[in-house]
Amino acid sequence: MKIYKLPSGTLLLNENQAFFGPEINWDIMLAQENLKDYLKTESKTWKTISPEEGDELIAKGILTPMGNQEIWAAGVTYFRSRTARMEESQDAGGADFYDKVYNADRPELFFKATASRVSAPGSSVNIRKDSTWDVPEPELTLVVSPSGKIQGYTCGNDMSSRSIEGENPLYLPQAKVYAGCAAIGPCLYITDNALEDTATIRLEIFRDDILAFSGETALTQLKRKPQELADWLFRANTFPIGCFLMTGTGIVPDDFTLEVGDRVRIGIDEIGVLENSIAKI
């Protein structure tokens, strides 16, 4: 099933059926340990509408599908990311760090964003004025319960300043955490099953409505299993209302930097497409 956060309420799509309900408390919802069953129960009192009516509601605009959850992220989980990080940090002497963490037992995990720093689907994500090399990072993003159980998935854009992180790995928080540094959506795909390893993640960047970059990767290239990453995050952390965890990127545009006005489209099989424009802060 898929759940959308709308300005006028809540939309649930389940098995070719659509249900339109009132605005709900997403903190309470994402604090549930059996989210799929919870939504089935809640939606029994919602208005049944046609799938076409659901599409019309989505077309009018959607909000970020979250409450006050934190977003965390994993790094260097794809070989492609490892190689890119090593190349950009070579001059700073930090290349070995990325090679070592790729092969280590403990993954790289870092705080990414509070809800106030997350952009809604269709709105703008930001690049930094003090950065010279900026890229989107398309990532499968986990919806994790307070106990650490993966309850669903969404598309994530982990915006990144490659010039700042490449200058010194200790600048990672500045390269990653700022206003408009992330986006998730368009919905939450709630399922009891893991996504197929063959699921594809796609990235398209448009400049002046012309395709300027495209790339794709599959979950088969993800070195660590999603639940493994969630387990590490919960080793010494608690999340009473659940959290989101971006799982890293396998698509890294080389010789390319984002510009104001670009449009970024991230698509993941089974979930949908997240689109944002680029602004500068």
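Details of the structure are given in the entry above.
Report follows, based on the coordinates. Note that the structure is a prediction, hence the values are computed from the model and not measured.

Before going further, it helps to spend a moment on the overall build of the protein. Within the protein, the regular secondary structure consists of eight helices and 18 strands. Whereas a compact globule of 281 residues would reach a radius of gyration of roughly 19 Å, the protein reaches 18 Å, a difference of no more than 12%. Projecting the C-alpha coordinates of the protein onto the three principal axes gives extents of approximately 60 × 45 × 30 Å. Residues counted as buried form 54% of the 281 residues belonging to the protein. Of the contacts made within the protein by residues no fewer than 6 positions apart, 75% connect residues no fewer than 24 positions apart. Working note: accessible area of the protein is about 12,400 Å², and carbon and sulfur atoms make up 47% of it. Computing the positive centroid from 28 side-chain charges and the negative centroid from 41, the protein places the two 2 Å apart.

Pairs may arise between side chains of opposite charge once their charged atoms sit close together. Under the criterion given, the structure shown has 15 salt bridges. Note that Asp130 and Arg128 form a salt bridge whose closest N and O atoms lie 2.8 Å from each other. The residue Arg265 makes a salt bridge to Glu204 at a minimum N-O spacing of 3.4 Å. With Arg265 in strand 17 (residues 263-268) and Glu204 in strand 14 (residues 200-207), this pair connects stretches of sequence that are 61 residues apart. Take Arg265: its relative accessible area is 28%, and that puts it in the partly exposed class. The structure contains a network of salt bridges with shared partners spanning Glu204, Asp209, Arg263, Arg265 and Glu275.

Our focus in this paragraph is the packing of aromatic side chains. Taken as a whole and assessed by the stated rule, the structure comprises four aromatic pairs. Ring centres of Phe234 and Phe239 lie 5.0 Å apart, and the angle between their planes is 55°; on these two criteria the pair is classed as tilted. The ring of Phe206 carries the charged tip of Arg263 above its face, separated from the ring centre by 4.8 Å.

What follows is about the pairing of strand 16 (residues 243-246). Burial along strand 16 is two-sided: the face carrying Cys243 and Leu245 and the face carrying Phe244 and Met246 are both buried. Here four bridges tie strand 5 (residues 70-75) to strand 16, and the two strands are oriented parallel to one another. Note that in strand 16 the partner of Ile71 across the bridge is Phe244. In this structure, strand 10 (residues 138-144) lies alongside strand 16, joined through four bridges in antiparallel fashion. Within the sheet, the bridge partner assigned to Leu142 lies in strand 16 and is Leu245.

What follows covers the sheet that holds strand 17. With respect to topology, five strands assemble into an open sheet ordered 8-18-17-14-15, the strand pairing being mixed. The strands lining the two open edges of the sheet, one partner per strand, are strand 8 (124-127) and strand 15 (210-218). Strand-to-strand, the axes of this sheet are offset by a mean angle of 25°, without reference to chain direction. Looking at chain direction, strand 14 and strand 15 are connected through eight bridges and run antiparallel. From the neighbouring strand, Arg207 faces strand 15, where its bridge partner is Ile210.

Turning our attention to the side chain of Asn126. Among the structural elements, Asn126 can be located in strand 8. Sequence-distant contacts of Asn126, defined by excluding residues within four places in its chain, comprise Met159, Tyr178, Ala179, Gly180, Ala279, Lys280 and Ile281.

Only a minority of non-glycine residues have a phi that is not negative, and only a minority of peptide bonds are not trans. Residue Pro186 follows Gly185 across a cis peptide bond; omega there is 5°. Assignment of secondary structure puts Pro186 in strand 13 (residues 182-190). The backbone of Asn16 shows a phi angle near 65°, a positive value even though the residue is not glycine. With respect to the helices, strands and loops of the structure, Asn16 is situated in the loop between strand 2 (9-14) and strand 3 (17-21). Residue class for Asn16 comes out exposed when judged on its relative accessible area of 76%. With a phi close to 50°, Asp255 is a non-glycine residue in the positive phi region. With respect to the helices and strands, Asp255 occurs in the loop between strand 16 and strand 17.

Okay, the side chain of Asp134 next. Relative to the helices and strands, Asp134 is located in strand 9 (residues 134-135). Lacking a salt bridge, the buried Asp134 has Lys280 as its closest oppositely charged neighbour, with an N-O distance of 6.8 Å. Excluding residues that lie within four positions of it along the chain, Asp134 makes contacts with Ile127, Arg128, Ser160, Ser161, Phe256, Thr257 and Leu258.

Quick look at the environment of Trp232 now. Structurally, the position occupied by Trp232 is in helix 8 (residues 226-233). Classification of Trp232 by relative accessible area gives buried; the value is 11%.

Cut-offs and rules
- Each chain carries its own residue numbering, running from 1 in the written order of its sequence.
- Totals for whole chains, interfaces and linings use every residue, but because this is a predicted model, local features are given only for residues with pLDDT of at least 70 and side-chain atom pairs only at 80 or more, for both listing and counting.
- The side-chain quantities take in all heavy atoms of the structure and omit both hydrogens and water.
- Numbering goes from the N terminus for both helices and strands, where a helix is a DSSP run of H or I of at least four residues and a strand is a run of E of at least two.
- We compute the radius of gyration over the C-alpha atoms and compare it with the globule rule, which gives 2.2 Å times the number of residues raised to the power 0.38.
- For every residue, the accessible area (1.4 Å probe, protein chains only) is compared with the maximum for its type, and the residue is labelled buried under 20%, exposed over 50%, or partly exposed between those bounds.
- Residue contacts are defined here by distance: any two heavy atoms, one from each residue, within 4.5 Å place the two residues in contact.
- Accessible areas in this description were obtained via Shrake-Rupley with a 1.4 Å probe; residue shielding takes into account the shown protein chains only.
- The positive count covers Lys and Arg only, the negative count covers Asp and Glu only, and His and the chain ends enter neither.
- To locate a charge, the coordinates of NZ of Lys, CZ of Arg, CG of Asp or CD of Glu are taken.
- Salt bridges, as used here, are contacts in which a Lys or Arg side-chain nitrogen is within 4 Å of a carboxyl oxygen on Asp or Glu.
- For Phe, Tyr and Trp, rings pair up if their centres lie within 6.5 Å, where Trp contributes its six-membered ring, and each pair is then called stacked (planes under 30 degrees apart), edge-to-face (over 60) or tilted (otherwise).
- In this analysis the charged atom, NZ for Lys or CZ for Arg, is taken to sit over a ring once it is within 6 Å of the ring centre and within 35 degrees of the ring normal.
- At least two DSSP bridges between two strands are required for those strands to pair.
- Note on definitions: angles span 0 to 180 degrees between N-to-C directions of axes, and those axes are lines fitted to C-alpha atoms, for helices only across the stretch in contact.

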